Amino acid sequence: MENQKSNIKNQSENSKCKIKAHHIKSGGFTLVELVVVLALFMVVIDAAVVIFISIIGHQRNILREQSFLNETSYAQEYIGRALRSAVKDETGTCLDGQAGYTYTLTHYNSSRGLYEGIKFIDDNLACREFYFDSDATIKETIGGSSARPVTSSVLAVQNLSF
């Protein structure tokens, strides 16, 4: 019996040692494991940064296109609304002596064979003109005043014809 107690005691001491040894072994990560995890983390972060930068660039392009569409839509609507309100020039004072007409085409471009301007009287009986200017903008004059741009200098108009 004493022998049995001694065996049990030895077995329990051996299992404690094994447990302690096993416990010490699973207490942390090796340097290789840490380097591998760090490398994977860097790859994931790099991919996320590349995607983020790509999204920002794409968003800039979309905003630029939207700005272009907004400005062209504004110019088209502004000119269209003014032309829809045009009235007949009974005396010909606005339309360079052409009495009885609603509008006259101006700024003839001989190289293209097209007119790049239009002149008319609006519903307030003011003589108005829209035309394509050499600085790649659409300009407007009202009642003989100095020309003012309808489009910004950021938008370079390639051509305008009536």
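Residues numbered from 1 in each chain as written. Predicted model: local features only at pLDDT ≥ 70, side-chain atom pairs only at ≥ 80, totals over all residues. Heavy atoms only, no water.

Another aspect to go through is the state of the cysteines. What the rule picks out here adds up to one disulfide. The disulfide partner of C94 is C127, and the gap between their sulfur atoms is 1.9 Å. Taking the sign of the S-S torsion, 70 degrees for the link of C94 and C127, the bridge is right-handed. One end of the pair, C94, is in the loop between α2 (31-84) and β1 (103-109); the other, C127, is in strand β3 (residues 127-132), with 33 residues separating them in the sequence. By relative accessible area, which is 21% here, C127 ends up partly exposed. (Disulfide = S-S within 2.5 Å. Helix = DSSP H or I, 4+ residues; strand = E, 2+ residues; numbered from the N terminus. Buried < 20%, exposed > 50% of the residue type's maximum accessible area, 1.4 Å probe, protein only.)

Taken together, the five strands give an open sheet; going across it, the order is β1-β2-β3-β4-β5, and neighbouring strands pair in antiparallel fashion. In this open sheet, the two edge strands, each paired with only one partner strand, are β1 and β5 (148-149). By the bridge criterion, two bridges tie strand β4 (residues 138-142) to β5 in an arrangement that is antiparallel. Looking at the pairing, E140 lines up with R148 of β5. (Pairing = 2+ DSSP bridges.)

This paragraph deals with the environment of E71. Secondary-structure assignment places E71 in helix α2. Residue E71 is classed as buried on the basis of its relative accessible area of 17%. What E71 contacts, discounting residues up to four positions off in sequence, is T151, S152 and L155. (Contact = heavy atoms within 4.5 Å.)

Taking 1.5 Å of rise per residue, 54 residues should cover 80 Å, and α2 covers 78 Å from first to last C-alpha, within 8% of that figure. All of the buried residues along α2 are E71, A75, Y78, I79, G80 and A82. Buried-residue contacts for α2 involve β2 (114-121), β3, β4 and β5. (Expected span 1.5 Å × (residues − 1).)

Turning next to the nonpolar core. One finds F120, F130, I138, V150 and V157 to be the most contacted residues of the largest nonpolar core, which totals 14 residues. Secondary structure elements with two or more residues in this core: α2, β2 and β3. With four residues, the single largest contributor to this core is α2. In contact with F130, other than residues within four places in its own chain, are Y78, I79, A82, E116, G117, I118, F120, K139, E140, V150 and F162. (Core = buried A, V, L, I, M, F, W, Y, C linked by side-chain atoms within 4.5 Å.)

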